[in-house]
Each structure stands twice: as C-alpha cells, then as structure tokens.
Amino acid sequence: MKARIHVTLKNGVLDPQGKAIEHALGNMGFDGVEAARQGKYIELDLAAGTTKEAVDEMCRKLLANTVIENYSIELE
Amino acid sequence: MKARIHVTLKNGVLDPQGKAIEHALGNMGFDGVEAARQGKYIELDLAAGTTKEAVDEMCRKLLANTVIENYSIELE
Amino acid sequence: MKSAVIVFPGSNCDRDMAVALEKVTGKKPEMVWHQSADFEKVDFIALPGGFSYGDYLRCGAMSARSTVMKEVIKRAEAGVPVLGVCNGFQVLTETGLLPGALMRNASLHFVCRDVELEVVNDASLFTNGYTAGSNITIPVAHHDGNYYADKETLDALEGEGQVAFRYAEDINGAQRRIAGVLNKKGNVLGMMPHPERMIEPALGGSDGRILFESVMNRLG
Amino acid sequence: MTDTKITPEIVRDHGLTPKEYDLILKGLGREPNLTELGIYSVMWSEHCSYKSSKIHLKKLPTKAPWVICGPGENAGVIDIGDGQAAIFKMESHNHPSFIEPYQGAATGVGGILRDVFTMGARPVANMNALRFGEPDHPKTRHLVAGVVSGIGGYGNCVGVPTVGGETNFDPSYNGNILVNAMTVGLADAEKIFYSAAAGVGNPVVYVGSKTGRDGIHGATMASAEFTDDSEEKRPTVQVGDPFTEKLLIEACLELMATDAIVAIQDMGAAGLTSSSVEMASKGGVGFELILDNVPQREENMLPYEMMLSESQERMLMVLKPGREEMAKAIFEKWELDFAVIGHITDTGNLTLKFKGETVGDIPLNTLVDDAPEYDRPHTATPKRKAVDVEAPKDLKKAVMDLIGGPNLCSRRWIWSQYDHMVMGDTIQRPGGDAAVVRVHGTEKALAISTDVTPRYCYADPVEGGKQAVAETWRNITATGGLPLAITNCLNFGNPERPEIMGQIVGCLEGMAEACVALDYPIVSGNVSLYNETNGKGILPTPAIGGVGILKQSKHMATVPFKGDGQVIMLFGETKNELGASLYQREILKKDEGLPPVVDLAVERRNGDFVRALIENGQLTTVHDLSDGGLIAALADMAISGKTGATITLDDSLPLHVHLFSESQSRYLIAAEPDEAETIRQEARDAGLAVAVLGTTGGDSITVNGGALDLPLAALTAAHEGWFPAFMKNEL
Ligand SMILES: Nc1ncnc2c1ncn2[C@@H]1O[C@H](COP(=O)(O)OP(=O)(O)O)[C@@H](O)[C@H]1O
Ligand SMILES: [Mg+2]
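The structure presented is a predicted model; accordingly, all values stated were derived computationally and were not measured. (Residues numbered from 1 in each chain as written. Chains lettered and ligands numbered in written order. Predicted model: local features only at pLDDT ≥ 70, side-chain atom pairs only at ≥ 80, totals over all residues. Heavy atoms only, no water.)

1. Details of the overall build of chain C
Scanning chain C from N- to C-terminus turns up six helices and eleven strands. Expected size for 220 residues packed as a compact globule is a radius of gyration near 17 Å; at 15 Å, chain C falls within 12% of this value. Put simply, chain C has 220 residues, and 64% of those count as buried. Considering only residue pairs separated by 6 or more positions, chain C has 72% of its internal contacts joining residues 24 or more positions apart. (Helix = DSSP H or I, 4+ residues; strand = E, 2+ residues; numbered from the N terminus. Rg over C-alpha atoms; globule rule 2.2 N^0.38 Å. Buried < 20%, exposed > 50% of the residue type's maximum accessible area, 1.4 Å probe, protein only. Contact = heavy atoms within 4.5 Å.)

Next comes the structure, spelled out in structure tokens:
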C-alpha cells in the first residue's frame, strides 16, 4: 500500500524557490509562466492496513511544518 | 491554466532524504513505513495556450536534473 | 554556570559551541547525545549549528522530534535558558518553542560571511552585555535562515521586545530582517548568526563572546 | 553470469586493449568470467593503475625527515611536531563534474575526505582548485553554479571548512572542466592507520552506506576521452550523502580510538574492487569475500555490480579477531551499516563467493604486478622564442579590465557559499595568499595553498612545473608559514599523444627540481589523464597543494593594508617577463614568448627572509606577486585594506613591464614607517633586490605622479562585481 503526500506552502507564505523558478524560466525565454510554487512530494510504502489517520499523524508530526505548510494525502 | 509537475529520483539513485524520513518515522514510533521517497512538486500557473511541449522543455532544461531525476507533467 | 550542548547526528558546530562555553564559563559543558531521555541538571542548554539529520526533509525537523528534545522542551518550559544557533534556531522553531519558521535563503545560496547585526533588545538574559541600537559583527553560515512568521506574529514579536537581533542589511530575505528571536519568557533565544565563531580577535572579533558573558553574568 | 562469453567487443568496452587482455589470459591461465574481467579492467584503468605516468612519478622526491608517509597510501603524512601529524591529499573529479556538476563535485569532496580520515585524521580543511571554460561558453555558468554548490553542499554539511582554492577560466577547459579537491587532516603521529591487511582469518568488515548500482564503470570513464555522446553515459554518476559521511567520520574516529583496526581503506574509485585488492596485495595476503553479505540498496545485484559499484560513503576494514561486536556497536550508534563480508586467507587470491558458488578467483599478483606500465613516447614542447610585449593602448583600462575580469576578480561569490569558519580555527579566511587554520588547542597553525599557472606549463612544461611548486611555497611563506610538503593533482590530456606525454614528463621534471631545491617533498597525489574533448587537450594543469606550518600563529601576515602611512616595499627583482603573462593573454589576446623563469635559489633566499621577518613580528602585511604582476598585488592589498597607495616606479623598465611583469620570487610588503629602514637594510644585507615604492593612504592607487590613477571605489566595484554579474548573466 502506498501513500502519496503533497506538501505545499500555505497561501501568503513567500516561496523563495518558486520565485527563483519563475525568474529562471523567464530568463530562459519561456513566456507565459505567471507563477511558480515549489513543494514536496513524498511517497510512502506502507504495511497493509495502515490507516489514513496514521498517515495524517505522520504529516502533522513530521512531514509538514503546519506553521507554513499544507499537506494532502492520497492512499492507494 | 496550470501544470502540476512531479520530479522524482530515477530508480536506483540514492535517496538520502527518503532514507532519513523512513528512519525518523520509525524512531517516532510509526510502524509499517516500509520505504519513503522524496521528490519535488512544482505548480506552474501558465498563460492560456501554453503547450505541453513547452512545459516538457522547462522540465528538461530547468526543473528536473535528467541525469538523476524523472519528471511527469499534468496539465489542467 | 553549568552548561550542556546537545549533539544530534550531523551537528557540526557542537565543538565550537563547547569551546566558546568553556572559554567564557571556565567549565567544559556536558555533551548530550540526541538519544538521551534525561541528562544532568544544567543552568544553560545550547543547541549548536550544523546539519542535524543532514537537514533532510526540513532543517531541524527531525531533531525537533528526537528523544532529547522532549526533555529540552520540558526544561525550557520550566525556565532553563536555551540558546539555539543556526541549526539550533531551526530546531527551536520546529519544536514550537519559538514562533515562525526558517525558510530557504531568498538568494537560494548558502551564505557564509560576517554580518552586521543591530542589537534590538539589550535587556534579555542573552543580550544584556550589548547596547540596544548599536551594531555588532557576527558571522552567519546557513542555507535556510530566511525567517518567516505571519504579520500578527511579527507585530507581536516586535511589540513584546522578542526580536533580539536584526541584520543591518538584508542577507537572506528574513521578514523584517530578523536575525534572532526570544520567546515570551525570555529564556529561549534562537539566532542564525554564530556568536561562538566570534569569541577572540584571532577569529575576527569578540562580539559573540559578549553574548555568552551576558548569560554568565546573570546566572553566575 | 559465469557463462557470459568474453568477446573482443566486451574486452574493448572495458577499456582494455587486446594486448592487455592477453596479459589477463596469461596471468589467470584461463579465460576470465565477466566479473573477473570487470575487476581487471578497473584495476588496470589509467585512474587506478597509473600505467602511463608511473615510471615518471617515480622521479619525484618524496622524502624528508618530517615525512612520515609518502605516496602509496591513501594520503601523505607529515610530522608537525608535538606528536602531531598532518595528513593530506588532492584528487580530481573532473569527468563526473562535467556530466553532473553538483553531484560530481560533491562526491569529489566526499572522496578526498575519506582518503584522509581513513588514515586516522580528523579533516580540518578543504581546498578546491577549479578550471572552467571561457565565460562566454554556453555551459560555463551552469557548470560553475553546479560545481560550487556541490562543493559547498557537501563540505558545509560535513562540517569541514572549505578555506581556499583557485579558479581559472580558459577555453581549453570548455569541454573538460577540472575539479580538484584537497583535504587536510590532523592526527596523532603515533596513531596513523594504513591499508595493508594482515592476519590470516581476520574478518574483513564493510561499513558505511549500502551498495547500489552507482557509478559502475566510473573509474574506466574517468580514464576515457570525452566525445560529444558521452553525455549519454549518465547513469554512471554517483550521488553523495554528506550526512552519512559526517556520521562515518565520527564512527571511524571513534573506532580508531580503540585498538580494533588492523587495516582500513576507503572505497573510492572502483569501490570494493580496488579497496580489497589494495589491502590484500599490500599485506601480501588473500581475501575471501562473501558477496551475499555486502549491504545492498537495490535488489538482485550481481557480483559484477557489487565489485564495480562506486556507491559513496563506504569503507573496508580488517579487524582484530573478536572485536567485531564492539565495532558493530559503534557503527550502529551512528546508524551506519556494518557487515563482516569475508576474511583474510593465505591463498594470495581474491576469491569471491556468491550464493554458495565461487564467482571469481584471481591471483592478486596478476592484478597488481602484471598491471601494464607504459613508457609512452613523448616529445618535448618546443622552446618558444622570447618576444617583446608591447604596452597597452590605454593603461588604465587595461588594469581595470584585468582586475575586474574573470581571472583576477574576487572569488567571494564562490567562497561565501562555503562554510569556511566551522571548527572555529580559521584564522586566515579565503582571499589571502594561503589559508591558515590553527591546530586546535595549540599556538600552531597550518598554512595551505593550491596553485598552478597552466599558461606557463603550456608554454614551457619544465618552467611551469617548477613555478607551480614554487608558487605554493611562496604563498605559504607570505603568511609566515614554513612550507613542509605538497600533494598534487596532475591534469593532462591524452597521454597516447607524444606531445601531451611530453608535457607530463616536462612538468614532472620541473616539479621535481623545485621540490628538491625547496626541501619540499611530494607526499601524495593523483593523476587525471584523457582530459580532452574531440582531440583537443586542456592546458597542462599540474595542480599543487602545499602545506606549511606557523609555529606561532600570532605571528602571521595577511594581504590587506593596515592603515595609512605605511611604507610599501617590493622584495625580488622585476624583469621584462611578460611572455605567457595574464596581461598578454587578456589584454593583447596573445599567448607567446617565454614564461617567467624561477631561480630556485633566489626563491628560497627571498622566501626565507620574508618568513623570518614575519616570525619576528616585524611584518604583518605581505602579498606575493603572481598573475597580473605588481599592479594586481597592489590592488588586492588596497581593496582588501580599504586604503589607497601612492607609488613611484623607476625607469629601469617600461611602466607596463613594471606593472604587469610576472617575474617570480617577489613579495610586496607594507611596513611601519619606523621599521621600514631597518627592514630595507636587512633585505639588502641578505642579498635581496629591494625597492621602496611608496606609502599607503588615500582613496586611490596613484602611480608615478598620476601616470596611472585608480580610484579605490571603482577598482573595488570592478573587482567585486565581475563574478556576481557573470553568474546573474548580467555581463
Ligand atoms: N574555488 C575557490 N574556493 C575557495 N577559495 C578560492 C577559490 N578560488 C580562489 N579562492 C581564493 O581566492 C584568493 C585568490 O586566489 P588566487 O588568485 O588563486 O590567489 P594566489 O594568486 O595568491 O594563489 C585565494 O585566497 C584563494 O584561496
Ligand atoms: Mg598568492
């Protein structure tokens, strides 16, 4: 069983990496990139029967810093 | 229009971050995490009409390090 | 004054911190391993710089959840002075002992250099040897020192005198150029600059030494 | 696996010639299987066997009373007094860094750190010598960015300060950058660890990271010439994990404090193969390895892959019997893998077992003693003719272009991304002549410098080789250090071409001469050949890393002027030596004439004199003259000291020669006014050429009453501005 977790910055938190990507793409001549945001993508291989609550706890307690980050979980 | 891009390490490439996450979750008492991998998740806001080819080029030229990383693109 | 330096796997300024503490207090600090559930009673706890757990996932994230930090949090809440420098500051924000978060430098580059700091609060346990409004020179060496907190938090920090130091110029994108933050009670300080690297003229100056002396003077 | 038929194609793909393959057949007395062929191929690669350079390397002087261990071990070891030893080495990671600059440079740092701590030293300083293509080349910026962040990313995390280096740009490196990393460590002179295995039956132990399929064939790649399609060979790039390296350092040093280790060796290029072969052959014993026990990161790894993998952060040790549990506990504490993967035998063979079968059995002497050694044909570089080098059209512009150009501008952009202060002993930071790092807890300090001027080596390999050694010696001397020994990294093109081989032979000859004359032996080094793309070789680049000692680090000299009114003096003779100078190349866009000549007796006399003044506390401001000549040195001192200068140069030489000549063995100094006359007199008495040039002060550099006037503000802006502007693509 697998969890796919996206960790992204909260709205309003300045994102230096995203800004740098916007900048760099612009410099490289790619038009039409209006905004970029960078987050993390974490995949966990889980023992069968691991609950979504458990994964949620992992996110709250470690994988995301909820002061600045949101997360979302997909289980497969 | 939006592109959601996942950048992940190629198979077989050492993933120290993933290993460290596995370890930390284990130490914190979460059982059942058999493996963890960490990648990047990038969201781009694009001008209408930006092609998938253009986004693909952005990935190859900047967003992913194709020596060691794979990427996948979803357009919305 | 008896002190302890917490050592995480990947800490690399632990020795520097110990040297500074020994030079100023005359006593070798106890080095406490991250797996220790308990350690000797001390007057002062330092969380050193470095790359604990490789700075993987987020700087300080894994250390903040380590066994020893449960005890450090307890003691900090009980009023024991805790100083976190660089990675130590990151650990303190990750535990919630200090508000805010430290993000990637706006330049995205690692930055190692002397910086001028403006002393904002000169009354705290850690800063009483300085004069508010004066500038001191202390080096930084970090990749993630870009301090972030939301506006209300920042206003509250400034209002309560919890900003200890401010960069004289923008070096990493930190909100309001904040370089060091105190908790409400004033017994926890987190700062990106490394005072332990400026404790003698041979290293470029002694402005950092004053911080340790401030603590020493208060605690005896 | 044992069934794979070895065809001529397979042999060729392993970088072995038909003749070399015949040697294998003869040594083994049978056909090798694929694993065995792979082992021969990496052991006999240029990178591991030094087959083209060995006979010439033998000519280098390697001995002195203070040398504890010269070339042949993982790193060189010298005695620095009080029972302490300095251990150091330099190594190249050129090819991997071109393919993947971040990881290539990072793993280069990781590799050289392991070479040093494997001998029992705590690493205390890193250096990096970098050569990039011309700034306008489309790849250069990306390579600079990647290499610098890779070096910083690794060194910063491990917590070893990166205290200096050198950086050049030249079109010859367009397709083949050079990334040379050096590490210096400190150890107890009584507790040096060596790699020779001993004790039949003793356990062979693997520690560190797990083995994956990283960099398989990296060592052979590092020895193959580049072609445009080599970017396709990407999966051979290794990924570094500095966090694990940090843990490995601490764990190894902790184990080394016990008496459990018989022998130890890092797994560098050619990983398990070269480490086990070297340990066993040096000890004259055999190894039996049970490959099933090798900690593996990936599934279904084959013996071939395990033996050739270049996964990073791994070490091989032989332990005393019965110490396994204690050692294991240490590595487990640091959360590292620990596995007994074999034992020492008396067979003299490297025997590999996998799933109960013998999958390789090679007599070690055939791998080592039969290794090919070539005396490749070499033709000496033709002697150039002396030329007169003309004055610039616009002197001021020429100076500004040089000081604010790629090769003389400040490297702050680079070193501010390196933690150069961690460990709390850096008393001379990057930007000076040599970095100075205190020996922790003592009055002593190590001075470290890396240098070579490839232009000179190209123009005249013998003079260039001499000059490279002399320049490190001079840089160390300029801080007050006594130069003790050097390491080197010999970067050249394809040795199968006689003119390249001629460069190698010439440079080594010059290096040897300088080492003898300066009492400055070579204790370690590394050779990187085939640095060429599509048949075009790099400039010959024998990078030298020198280490010296300051007995009393409070008596140290630095570059910046320290206030107004000091007397500026030049020690050493300025000659009309503008051939192969930076001025000629950058401003006149020419490269001709004779490079400057180093008179080694003068070098030594001048240096010994300067060092004595510093040691006596008479002198604290010194800068040696190198690229760009007098004006470049003067500008460095003024810019860093935020103090101008007014000087007068006599008419014995044309002004541009005075300013730009790269005559050797010279030092620019600033002395307190009341000391100046004594110093001048002492210099005279010691037989030095000495000239009082002027005084410090003001906010510009003024030469000959305004013949040249350089406002400090503009000079500083140019000097500091080039690198950041280049990296931001703003030039
Ligand atoms: N890649 C680098 N990393 C760190 N420091 C560097 C690097 N390149 C140059 N430097 C530093 O910049 C200064 C000037 O370098 P260089 O011009 O080569 O000095 P010198 O001519 O005295 O040998 C030195 O202090 C050197 O250590
Ligand atoms: Mg120099």
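2. Re the side chain of T50 of chain B
Structurally, the position occupied by T50 of chain B is in the loop between strand 2 (33-46) and helix 2 (52-63). For T50 of chain B, the side chain forms a polar contact with the main-chain oxygen of A47 of chain B, separated by 2.6 Å. Non-local contacts of T50 of chain B, meaning those with residues more than four positions away in its chain, are made with G32 of chain A together with M1, V55 and M58 of chain B. (Polar contact = N/O pair within 3.5 Å; in protein donor to acceptor, adjacent residues only side chain to side chain.)

3. A closer look at the interface of chain B and chain A
At the interface, 32 residues of chain B touch 31 residues of chain A. Summed over both sides, the interface of chain B with chain A buries roughly 2700 Å², with 63% coming from carbon and sulfur. Our count for the contact surface shared by chain B and chain A stands at four salt bridges. D45 of chain B serves as the salt-bridge partner of R37 of chain A, at 3.2 Å between the closest nitrogen and oxygen. (Buried area = accessible area lost by both parts, 1.4 Å probe. Salt bridge = Lys/Arg side-chain N within 4 Å of Asp/Glu carboxyl O.)

4. Thoughts on the site of ligand 1
All names here are of chain D. In the region of ligand 1, 19 residues are neighbours, and N128, T167, G431, G432 and D451 sit closest. At 2.7 Å from an oxygen atom of ligand 1 is found a main-chain nitrogen or oxygen belonging to G431. The contact in question runs from an oxygen atom of ligand 1 to an N or O atom on the backbone of G432, over 2.6 Å. Look at ligand 1: alone it shows 550 Å² of surface, and the protein chains cover 84% of it. Top element by residues in the shell around ligand 1 is strand 5 (residues 162-169). It accounts for four residues. Looking at the shell around ligand 1, its residues break down into five nonpolar, eight polar and six charged. (Near = heavy atom within 4 Å. Areas by Shrake-Rupley, 256 points an atom, 1.4 Å probe, with all protein chains shown as cover. Nonpolar A, V, L, I, M, F, W, Y, C, P; charged D, E, K, R; others polar.)

5. Quick word on helix 2 (residues 18-28) of chain D
Residue and element names in this part refer to chain D. Of the positions making up helix 2, those classed as buried are E20, Y21, I24 and L28. Down the axis of helix 2, the buried side of the element spans an arc of 105°, and every buried residue falls inside it. Away from its buried face by more than 90 degrees, helix 2 exposes P18, K19 and K26. On the buried face of helix 2, the contacting elements are helix 1 (8-13), helix 3 (34-43) and strand 13 (357-363). At the exit of helix 2 stands G29, carrying a positive phi of roughly 75°. (Arc of directions from axis to C-beta.)

6. Things to note about the coordination of the magnesium ion (ligand 2)
All names here are of chain D. Donor atoms from the polypeptide that coordinate the magnesium ion (ligand 2) comprise D433 (OD), N475 (OD1) and D624 (OD), at 2.0 to 2.4 Å from the metal. Taken in chain order, the donor set of the magnesium ion (ligand 2) reads D-x41-N-x148-D. Taken together, the positions of D433 in the loop between strand 14 (426-428) and strand 15 (435-438) and D624 in strand 23 (residues 621-624) put the pair 191 residues apart, joining distant regions of the chain. According to the relative accessible area criterion, D433 is buried, its value standing at 9%. (Donors = N, O, S within 2.8 Å, 3.2 Å for Na, K, Ca; no water.)

7. Section: the relation of the copies chain B and chain A
Overlaying chain B with chain A gives an RMSD of 0.2 Å, the required rotation being 180° about an axis along which the chain moves by 0.0 Å. Put plainly, the chains are arranged around a two-fold axis. Counting the interface residues of chain B, we find that 97% of their copies in chain A are interface residues as well, pointing to one common contact surface. (Least-squares fit on C-alpha atoms with pLDDT ≥ 70 in both.)

8. Concerning the packing of aromatic side chains
Residues and elements named next belong to chain D. A complete count under the given rule lists 18 aromatic pairs over all chains for this structure. Their ring planes at 50° and their centres at 6.0 Å tell us that F169 and F723 sit as a pair that is tilted. With F169 in strand 5 and F723 in helix 25 (residues 712-727), the pair connects residues that are 554 residues apart, well separated along the chain. Accessibility classification places F169 together with F723 in one group, the buried group. Ring geometry for F571 against F609: centres 5.5 Å apart, planes inclined by 75°, an arrangement best described as edge-to-face. (Phe/Tyr/Trp six-rings, centres within 6.5 Å; stacked < 30°, edge-to-face > 60°.)

9. Section: the sheet that holds strand 9 (residues 286-290) of chain D
Residues and elements named next belong to chain D. Read from one edge to the other, the open sheet built from seven strands follows the order 8-10-7-11-9-12-13, with strand pairing classed as mixed. Two strands close off the open sheet at either side, each with one partner strand: strand 8 (261-266) and strand 13. Geometrically, the sheet is characterised by an average inter-axis angle of 25° between neighbouring strands, direction not taken into account. By the bridge criterion, six bridges tie strand 12 (residues 349-354) to strand 13 in an arrangement that is antiparallel. Residue T351 lies in a different strand from strand 13, and its bridge partner there is D361. Together, strand 8, strand 9, strand 10 (314-319), strand 11 (337-345) and strand 12 form the strand contacts of helix 11 (residues 271-283), whose direction differs from that of strand 10 by roughly 30°. (Pairing = 2+ DSSP bridges. Axes fitted to C-alpha atoms, helices over the stretch in contact; angles between N-to-C directions.)

10. Section: the sheet that holds strand 7 (residues 135-142) of chain C
All names here are of chain C. In spatial order, the strands read 2-1-3-4-11-10-9-6-7; together these nine strands make up an open sheet with mixed pairing. Whereas interior strands pair on both sides, the edge strands pair on one side only; in this sheet they are strand 2 (30-33) and strand 7. Across the sheet, the axes of successive neighbouring strands diverge by a mean angle of 25°, strand direction being ignored. Alignment of strand 9 (residues 163-167) against strand 10 (residues 178-182), held across three bridges, turns out to be antiparallel.

11. A look at the packing of helix 7 (residues 101-117) of chain D against helix 10 (residues 242-256) of chain D
Residue and element names in this part refer to chain D. Relative to each other, helix 7 and helix 10 sit at 5°, their axes nearing to 11 Å. One way to sum up the angle between helix 7 and helix 10 is to call them roughly parallel. Residues G110, L113, R114 and F117 of helix 7 form the contact with helix 10, whose participating residues are E245, L248, I249, C252 and M256. Its residues assigned to classes, the contact of helix 7 with helix 10 shows six nonpolar, one polar and two charged. (Parallel < 35°, antiparallel > 145°, perpendicular 65-115°, else oblique.)

12. Structural notes on the environment of H56 of chain D
All names here are of chain D. For H56, the position within the fold is in helix 5 (residues 54-57). The spacing of H56 and D375 is 319 residues in sequence and 8.6 Å in space, taken between C-alpha atoms. Aside from chain neighbours lying at most four places away, what touches H56 is D375, H378, M501, V505 and L508.

13. What about the packing of helix 18 (residues 461-479) of chain D against helix 19 (residues 498-518) of chain D?
Residues and elements named next belong to chain D. The contact between helix 18 and helix 19 brings their axes to 6 Å, and the two run at 40°. As far as their axial angle goes, helix 19 and helix 18 are oblique. Note on packing geometry: the crossing formed by helix 18 with helix 19 is right-handed. Residues P461, V462, G465, K466, V469, A470 and W473 of helix 18 form the contact with helix 19, whose participating residues are Q503, G506, C507, E509, G510, M511, E513, A514, C515 and L518. For the contact of helix 18 with helix 19, the residue count by class is ten nonpolar, four polar and three charged. (Left-handed = near helix turned anticlockwise from the far one by under 90°.)

14. So, the state of the cysteines
Under the defined criterion, the tally for this structure stands at zero disulfides over all chains. Cysteine C59 of chain A remains unbridged, with the sulfur of C59 of chain C as its closest cysteine sulfur at 19 Å. What makes C59 of chain A buried here is its relative accessible area of 0%. (Disulfide = S-S within 2.5 Å.)

15. Examining the environment of A86 of chain D
Residues and elements named next belong to chain D. By the element assignment, A86 lies in strand 3 (residues 84-92). Residue A86 is classed as buried on the basis of its relative accessible area of 0%. Along the backbone, A86 and V67 are 19 residues apart, and their C-alpha atoms lie at a distance of 9.9 Å. When residues no more than four places from it in sequence are discounted, the contact partners of A86 are G76, V77, I78, I80, G185, L186 and L446.

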